Amino acid sequence: MFARRKLAKRFSLLLLEDEEDYVADWAASCKWPSSIEGNWQGLASLSGRLRLCTRSLFFEPDDVRVPVVRLEFASVVQLEAEGPTACVIGVSKVTKMKPNMADVPYVVERHKSSSWVFALTYAKLDSFMPLAQEQLVISRLPAADRLQLQDAAVKAREDAAAFDTSRLVEFNERLLWEGPALQLSPLVREPGRLAVTDQRLYFQPLHNIAGALQRLMLCGWHVVVVSVHACLPAVPGSAAKVRAGWTQEQG
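So, here is what we can say about the structure in this document.

Analysis parameters
- Residues numbered from 1 in each chain as written.
- Predicted model: local features only at pLDDT ≥ 70, side-chain atom pairs only at ≥ 80, totals over all residues.
- Heavy atoms only, no water.
- Helix = DSSP H or I, 4+ residues; strand = E, 2+ residues; numbered from the N terminus.
- Buried < 20%, exposed > 50% of the residue type's maximum accessible area, 1.4 Å probe, protein only.
- Contact = heavy atoms within 4.5 Å.
- Areas by Shrake-Rupley, 256 points an atom, 1.4 Å probe, with all protein chains shown as cover.
- Pairing = 2+ DSSP bridges.
- Axes fitted to C-alpha atoms, helices over the stretch in contact; angles between N-to-C directions.
- Salt bridge = Lys/Arg side-chain N within 4 Å of Asp/Glu carboxyl O.
- Core = buried A, V, L, I, M, F, W, Y, C linked by side-chain atoms within 4.5 Å.

1. Describing the overall build of the chain
Piece 1. Counting secondary structure elements, the chain contains 2 helices and 13 strands.
Piece 2. Residues counted as buried form 40% of the 251 residues belonging to the chain.
Piece 3. For the chain, the share of sequence-separated contacts (at least 6 apart) that also reach a separation of at least 24 residues comes to 53%.
Piece 4. Of the roughly 14,600 Å² of accessible surface on the chain, 56% is carried by carbon and sulfur atoms.

Pasting the structure below:
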């Protein structure tokens, strides 16, 4: 039996703007507009992944020779259903990224109207449209209101998530605590669920983008330091993070 070829992934959280959050993604096909270069074969439809964020939509084609495109909500002039399975998005600006897997400067095409038609491959359109319309409306609010609503939406998604106990390494592990957490790395905040058992600490990303489940043996820890994130004053209620040194579990 032939194994299915694993598709190369070009999208990462590094492509998002500052204070932009990831929402969801769908397998989809795209009718690439003829006015925008990049569809080098001139195909009528390109398969890929449609990714919804709080300030934009991304389409990541399966063909790595075709660039990833970012459609900012600030430039959207049309967002509506087209039949029962597709939607059309009209924009005045397109940002093209990572053609041929290359880390090259982005190509931004401004003041050029284009219409993008996306059809979800497996999911129903109503799993996408309400979320996309909500993010479009929120993105155009004043900054303070926008951030408040975005934070509330992120909290709701995090609270709705749960740690998958089937991912525990040992059958006799006891789950002691779990809750929402952020994994902080240079330029990226990745939300997920932090779980502590009597043997390990687990971090389960909310979205399967940057990587899989991480696990650390508690017996391998040699230091834990609590510090305040982003150098905020250490006052009650301020956001804090935990820095830890450990020995990474193998296998």
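2. Here's the deal with the sheet that holds strand E11 (residues 214-217)
Piece 1. Read from one edge to the other, the open sheet built from 4 strands follows the order E8-E9-E10-E11, with strand pairing classed as antiparallel. Looking at which strands have only one partner, the edges of the open sheet turn out to be strand E8 (175-185) and E11. Averaged over all neighbouring strand pairs, the angle between strand axes comes to 25°, with direction disregarded.
Piece 2. The sheet contact formed by strand E9 (residues 188-197) and strand E10 (residues 200-205) spans 5 bridges and is antiparallel. Bridging from a neighbouring strand, glycine 192 pairs with proline 205 of E10.

3. Considerations on the pattern of salt bridges
Piece 1. If you walk through the whole model with that rule in mind, you get 18 salt bridges.
Piece 2. Linking lysine 93 and glutamate 72 is a salt bridge whose minimum nitrogen-to-oxygen distance equals 3.0 Å. You can see lysine 93 sitting in strand E6 (residues 86-97) and its partner glutamate 72 sitting in strand E4 (residues 68-72), a full 21 residues away along the chain. Pair check on accessibility: lysine 93 and glutamate 72 agree, each one buried.
Piece 3. Ionic pairing is found between arginine 193 and glutamate 178, a salt bridge with its closest N-O pair at 3.1 Å. With arginine 193 in strand E9 and glutamate 178 in strand E8, this residue pair connects regions lying 15 residues apart in the sequence.
Piece 4. Shared partners join several salt bridges into a network, and the residues in it are Glu17, Glu19, Glu20, Arg55, Arg70, Glu72 and Lys93.

4. Focus: the nonpolar core
A general trend in soluble globular proteins is that nonpolar side chains are found buried together.
Piece 1. Membership of the largest hydrophobic core comes to 30 residues, with the highest contact counts inside it found for Leu57, Leu71, Ile89, Trp116, Phe118 and Phe128.
Piece 2. Looking at this core, the elements that each hand over two or more residues are strand E1 (22-31), strand E2 (46-53), strand E3 (56-61), E4, strand E5 (76-82), E6, strand E7 (107-120) and helix H1 (129-139).
Piece 3. The element best represented in this core is E1, accounting for 5 residues.
Piece 4. One finds Phe11, Leu13, Val68 and Ile209 within the second-largest nonpolar core, a separate group that totals 11 residues.

5. Let's talk about the pairing of E7
Piece 1. Note that E1 and E7 share 4 bridges and pair antiparallel. Its bridge partner lying in E7, lysine 31 is registered against valine 117.
Piece 2. In the sheet, E6 pairs with E7 via 10 bridges, with the strands oriented antiparallel. Across the sheet, residue lysine 96 finds its bridge partner in E7, namely valine 107.

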